[in-house]
Amino acid sequence: MDSNKKYWKGLEELNKSPEFVEKNKHEFAEPIPIEEVLSGGGLSSKTPRRDFLKALGFGVGAVTLAACQKVPVHKSIPYLIKPEEVTPGVASYYSSTYDGSAILVKTREGRPIKVEGNPNDLLGKGGLSAQAQASVLELYDTSRIKDPQQNGSDSSWASVDAFVKNELAAIAASGKTISIVTSTIHSPSTQAVIADFILKYPTAKHVSYDAVSYTGIIKANQNSFGKAVLPHYNFQNADVIVSFGADFLGTWISGEEFSRQYVSNRNNKSLEAKKMSRHIQFESGMSMTGTNADVRIAIKPSEEGPALVNLYNALSGTTLPGSKKLTTANADKAIQLVATELKAAKGRALVVCGSNDVATQVLVNAINSLLGSYGTTIDLDNPSRQYAGNDGDIVDFVTQAKNGSVGAAIFLDANPAYDYHSADAVKEALKNVRLKVSLSDHADETTALCNVVAPNHHYLESWGDDSSVEGYYTVMQPTINPVNNTRQAEQSLLIWSDNAVKDYYTYVRNNWNNNLLAKGGLSGQAGWETLLQKGFILAPAVAAGSYTFNLDLNAVAQTILSQSAKLVAGDNKFELQIYQSVGMRDGKKANNPWLQEMPDPVSKVTWDNYAAMSPADIKRLSLEEFELVEIEANGYKVSLPVLSQPGQAAGTVSVAVGYGRTAAGLVGNSVGKNAYPFHTFRNGTFQTTAVASLNGTGDLFPLSQTQTHHSIEGRNIIREATFTEYKKNPAINSGSEGEHEKYDLWENTNEDHIHARPVYDWVMAIDLNACTGCGACIVACNAENNIPVVGKDEVGRRREMHWIRIDRYYSYNDDGNGSAVTRERDIAKLDDLTNVTVIHQPMLCQHCDHAPCETVCPVLATVHSSEGLNQMAYNRCVGTRYCANNCPYKVRRFNWFNYWNDSRFDNYLNNEHTQLVLNPDVTTRFRGVMEKCSMCVQRIQAGKLQAKIEKRPLRDGEIKVACQQTCSANAIVFGNRNDKNSEVYKALQSERTYYVLEELNTKPGIGYQVKVRNTSSELQA
């Protein structure tokens, strides 16, 4: 580890605040309230005391009774006529699609319980986002609409169909517009259904918009090259990547796909070939992509446009109007150095920008044209179909509805009453619309304004298809019969338009037979069955062409300069930036508790949004951490808790959209505040920046963060090196630092693992250069291992139950003295914590061969298996928590409540309907016991059993743990160390491999690869 690096998790740890010091004097945040529980006071009056053992299954002595409780016996009814495709106890898998990615859906006894990425998927190559992993839970959401409705009351499908058809006929005869309002649709069959609907009703119009818009890029490409498309970016072809506010590893366009591409030039394989891409990030708020950058420069939103003008001038040798000196320290120098690096990488360079402004994106096009990026890192001929909405269309719809020219509005996967910049304008406009139909499967803010609700199926109940990238087509098939009395939205449109084909399955089949199967070289029934098995087809790609930029940029630069000047905040105001959080995105999934409780990759906040500000600004305004501040911009005012965010540009504040829902459901309602009204519509697009006033209220609103629940106390946990150092000595930071005298309590500690474990030795390797910190592994682990959601209050008490966490470490340079005076001086050098670097580290049970937890358990509840796994016998555990106290990695979790069966958690998973998502191969743990990562032992046993049935050896890669399987970046590798040809064995032989706290001689089963950054002394922040 670099001796000049100091690592810390949060400001309270860095500054050694009294509250932090006091909390960390004790291993546990609070003692077990045995007396309170035994007297009955420990149970809320809302909690039914269903039996004596449950009330006592909480403390030390009392838990011994709970450990012996019998599982309730339910009468089971065997299959009289067993469905051919269902074998009790054996999982079935179906191919389907989620948001354009090919997926596999695992079902047990007819219940979908888990989704996985299709290993051959074009986008994620088997990886999935947190949102995709969490989508299975929404199938069992009790707040889903259960029946069709008319005028707020339940109705029948026959009544709804008759009413809607009569209304549509009358409206069409009147000449008024029938608007079908949707988010971007990239399903070929759904697009065909809408086209057929418009043929039936010539006054119908498709209005497509996205809550988070990319209209600026699409219009810029139309202006620049005559192609109104969203490009398909190829980060794997880029040696130098420069991003201006584009969170391309997180929320920008296709984070999972871009992560896979990006990491391919930075992972173990690339480094061993002495190759590594270079990534420079300019941004205001600390994004997930910014945390992964080699160099990050914090700039204000008002400086983004001028910075791009300066970069163009440096690349082209011209002087466009609009260039000016940037106020951020070293930003001008960085632009000049970046220009030099981009020139050197011409043909293998890429510049991206997160702005939705057309002029800004036109300038980005000009820069990429100078760099020869089109045809290599940017593909306009095989474009993305994602986010194809037009901001102007939704503005026109609201205007036309207000003036009475819209007779009907049909909403599909669109919620403008929440995510439009003026919800009041939408509500007023819809008062003048005669027929308002919602096709949503969940009640939402727009559904509440509709007089007809025709609830849609969940995607796991549906037939369909998708094509998120040109030439790539995926199929969707149902994995369960409809849970409620719902109907697929496309079928409703077919019925209402008197289509000759009223069954949507038949419609999809016909569309594939006539138009799509041939693109993949398939045909007929055999081709259809092949498609359902494979899940997708890939048509031959069009050769990506190069494009030359020929527009005059003087007017473009003048526009950028004018718009940037309007963003400059004076008179103690701030530049406000609106962004998407990685977990919540645009807010459509706000009622999903797995996503609400997933810690933000940067701030580690759960269950809320907040106003992120630089620590210097908070100090200047004399604000307290978590103090509510009133933010006002564009005529909208809201109060949010302030959060000190290292890396935030001074004079700026960042707020996430996707929160503040009022009609999401029990989970999502009133979580955070709505930031969409801060958007403005300017020059044909929605803008995500504004000038805001900010005033403290004096009231505190604590946020529930997970990061500083444990202090690292300066221990040797993170190791990193520069690419230059690595090329000179690949082993520079691996291995133990210095010699440690080791004492063992175990016999035969020096025996070779192969001798000690002749068949299997399960271990894991984690590449810190590949992990982006996205958190998808957390949600995948929740779904696979029945990990309960505990809610904001419990997280605030350090009681989150996640078996894997992603630790986020900030770092700064230090002279190694370590004194308080030195530390204060080094902090000052950071320009008030603006220039910090960040590292993400997945942390889970290390499955130590010399496990400290095993030596202190008085009842032998935690034991070591013959295959190297640290295992938990839950029925033995009496809840002493000695093991958690003795674990140096702090990865064990204590069940304070029976989260699966306690009425205080009704909003999350405590109901029989939602519990259908549970994995029957993993027991749900009960109150008063410890739990932690099991390395998905159920998957290990299933893999071994399958190999035994087939009478063959277990193949490497056949068993993938949940966190590994969902990782788009392939940062996690699991396998048998005894197999010297296995991927994990080879990964652990890397010269970058080290073991966390190996000086303690716990002999962990998880090895980490050192973080390497491609920095230069000239441009290192």
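Everything numeric in this text was worked out from a predicted model, so none of it was measured. Every chain begins its residue count from 1, and numbering advances along the sequence as written. Local features in this predicted model are restricted to residues of pLDDT 70 or higher, and side-chain atom pairs are both shown and tallied only at a pLDDT of 80 or more, whereas totals for entire chains, interfaces and linings draw on every residue. Excluded from the side-chain calculation are hydrogens and water; included are all heavy atoms of the structure.

Draft legend 1. Seen up close, helix H7 (residues 157-174). Note on conventions: DSSP H or I runs of at least 4 residues are helices, E runs of at least 2 residues are strands, and numbering of each starts at the N terminus. For a helix, the expected span equals 1.5 Å multiplied by the number of residues minus one. Between its first and last C-alpha atoms H7 spans 26 Å; for 18 residues at 1.5 Å apiece the expected length is 26 Å, and the two agree. Among the residues of H7, Trp 157, Val 160, Asp 161, Val 164, Glu 167, Leu 168 and Ile 171 are the ones counted as buried. Mapping the buried residues of H7 onto a view down its axis gives an arc of 140°, with all of them on the same face. Turned more than 90 degrees off the buried face of H7, the exposed positions are Ala 158, Asn 166 and Ala 173. After H7 finishes, the residue Gly 175 shows a positive phi value of roughly 85°. Only protein chains enter the accessibility calculation, which uses a 1.4 Å probe; a residue is then buried when its area is under 20% of its type maximum, exposed when over 50%, and partly exposed in between. The directions considered for the arc are those from the helix axis to the C-beta atoms.

Draft legend 2. Expanded view of unusual backbone geometry. You will see that Phe 626, though not glycine, has its phi angle at about 70°, which is positive. Summarising the element assignment, Phe 626 is placed in the loop between helix H24 (615-620) and strand S24 (627-633). Of note in this structure, Asn 1001 is not a glycine but carries a positive phi near 60°. Secondary-structure assignment places Asn 1001 in the loop between strand S40 (993-994) and strand S41 (1006-1009).

Draft legend 3. Structural view of the packing of aromatic side chains. Each aromatic pair joins two rings of Phe, Tyr and Trp (for Trp, the six-membered one) with centres within 6.5 Å, and gets the label stacked for planes under 30 degrees apart, edge-to-face for over 60, and tilted for any other angle. With the rule as written, the count across this model stands at 34 aromatic pairs. Summarising the aromatic geometry, the rings of Phe 225 and Phe 549 are spaced 6.4 Å apart at their centres and angled 80° between planes, so their arrangement reads as edge-to-face. Of this pair, Phe 225 sits in helix H9 (residues 215-225) while Phe 549 sits in the loop between strand S20 (536-538) and helix H22 (554-567); the two residues are 324 residues apart in sequence, bridging distant segments of the chain. In terms of burial, Phe 225 and Phe 549 fall into one category: buried. Ring plane angle 85° and centroid distance 5.3 Å describe the contact between Tyr 418 and Tyr 676, whose orientation is recorded as edge-to-face. Separated by 258 residues along the polypeptide, Tyr 418 in helix H17 (residues 416-419) and Tyr 676 in the loop between strand S26 (652-657) and strand S27 (680-682) bring together distant segments of the chain. Per residue, the accessibility class of Tyr 418 equals that of Tyr 676, and both read buried. Through pairs of rings, three or more aromatic residues link up here, namely Tyr 233, Phe 235, Phe 248, Trp 252, Phe 258 and Tyr 262.

Draft legend 4. Looking closely at the sheet that holds strand S39 (residues 972-976). Pairing within the open sheet is mixed, and its four strands lie in the order S39-S32-S41-S40. Only two strands of the sheet have a single neighbouring strand rather than two, namely S39 and S40. By the convention used here, strands pair only if DSSP detects at least 2 bridges between them.

Draft legend 5. Expanded view of the packing of H7 against helix H19 (residues 489-496). Inter-axis angles, ranging from 0 to 180 degrees, are taken between N-to-C directions of lines fitted to C-alpha atoms, where helices are fitted over the stretch in contact. At a closest axis distance of 10 Å, the pairing of H7 and H19 adopts a crossing angle of 55°. If you check the angle between H7 and H19, you find them oblique. H19 is crossed by H7, and the crossing has right-handed handedness. Along its contact with H7, which presents Trp 157, Val 160, Asp 161, Val 164, Lys 165 and Leu 168, the element H19 presents Ser 492, Ile 495 and Trp 496. Roughly parallel means an angle under 35 degrees; roughly antiparallel, over 145; roughly perpendicular, 65 to 115; everything else is oblique. Note on convention: near helix rotated counterclockwise from far helix by under a right angle means a left-handed crossing. Clockwise means right-handed. Contacts are residue-level and defined by heavy atoms, with any inter-residue pair within 4.5 Å sufficient.

Draft legend 6. The arrangement of the pairing of strand S4 (residues 111-117) in detail. In terms of residue burial, S4 counts as a mostly covered element, since seven of its seven residues are buried. As judged from the six bridges shared by strand S3 (residues 101-108) and S4, these two strands associate in the antiparallel manner. Looking across to S4, one finds that Thr 107 is bridged to Pro 112. In textbook terms, the turn of a hairpin is the stretch between consecutive antiparallel strands, and for S3 and S4 this stretch comprises two residues, one of which, Glu 109, has a positive phi near 50°.

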